[in-house]
Amino acid sequence: MPTQLSIAYTEPFSFKRCYNALYRSDDEILYHLEDEAIYRLIKLGTDFIPVMISEGENCILASTDIDLSTE
């Protein structure tokens, strides 16, 4: 089952400004930007898992197709 983590934020943080700052670099190999989402691998223990980072309502959503426990 896919896993999704929600991280609340308040202003002055802006996901769109962060996304636009990342979008300026054409040579970046650590992440991929598409449809206002950031795709990258995150190390979890000894494994690397694919994660999609996007914006929810007043929160950042980190989603993966990997079934992760709450630990």
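You'll find the structure just up there.
In short, a report on the structure.

### A look at the pairing of strand E2 (residues 31-34)
And step 1. Only one face of E2 is buried, namely the one carrying Tyr31 and Leu33, since none of His32 and Glu34 on the opposite face is buried.
And step 2. Relative to strand E3 (residues 37-44), E2 runs antiparallel, the two being bridged by four bridges. Opposite Leu33, over in E3, you have Ile38 as the bridge partner.
And step 3. Connecting the antiparallel pair E2 and E3 is a turn made up of two residues, with Asp35 showing a positive phi of about 50 degrees.

### Here we look at unusual backbone geometry
What is expected of a backbone is that most residues other than glycine have negative phi and most peptide bonds are trans.
And step 1. Residue Pro12 is reached from Glu11 by a cis peptide bond, and omega for that bond is 20 degrees.
And step 2. Considering the arrangement of structural elements, one finds Pro12 in the loop between strand E1 (3-8) and helix H1 (15-23).
And step 3. Of note in this structure, Asp35 is not a glycine but carries a positive phi near 50 degrees.
And step 4. Tracing the backbone through its elements, the reader meets Asp35 in the loop between E2 and E3.
And step 5. Classification of Asp35 by relative accessible area gives exposed; the value is 68%.
And step 6. Even without being glycine, Glu36 reaches a positive phi, approximately 60 degrees.
And step 7. Relative to the helices and strands, Glu36 is located in the loop between E2 and E3.

Definitions and limits used
Residues numbered from 1 in each chain as written. Predicted model: local features only at pLDDT ≥ 70, side-chain atom pairs only at ≥ 80, totals over all residues. Heavy atoms only, no water. Buried < 20%, exposed > 50% of the residue type's maximum accessible area, 1.4 Å probe, protein only. Helix = DSSP H or I, 4+ residues; strand = E, 2+ residues; numbered from the N terminus. Pairing = 2+ DSSP bridges.

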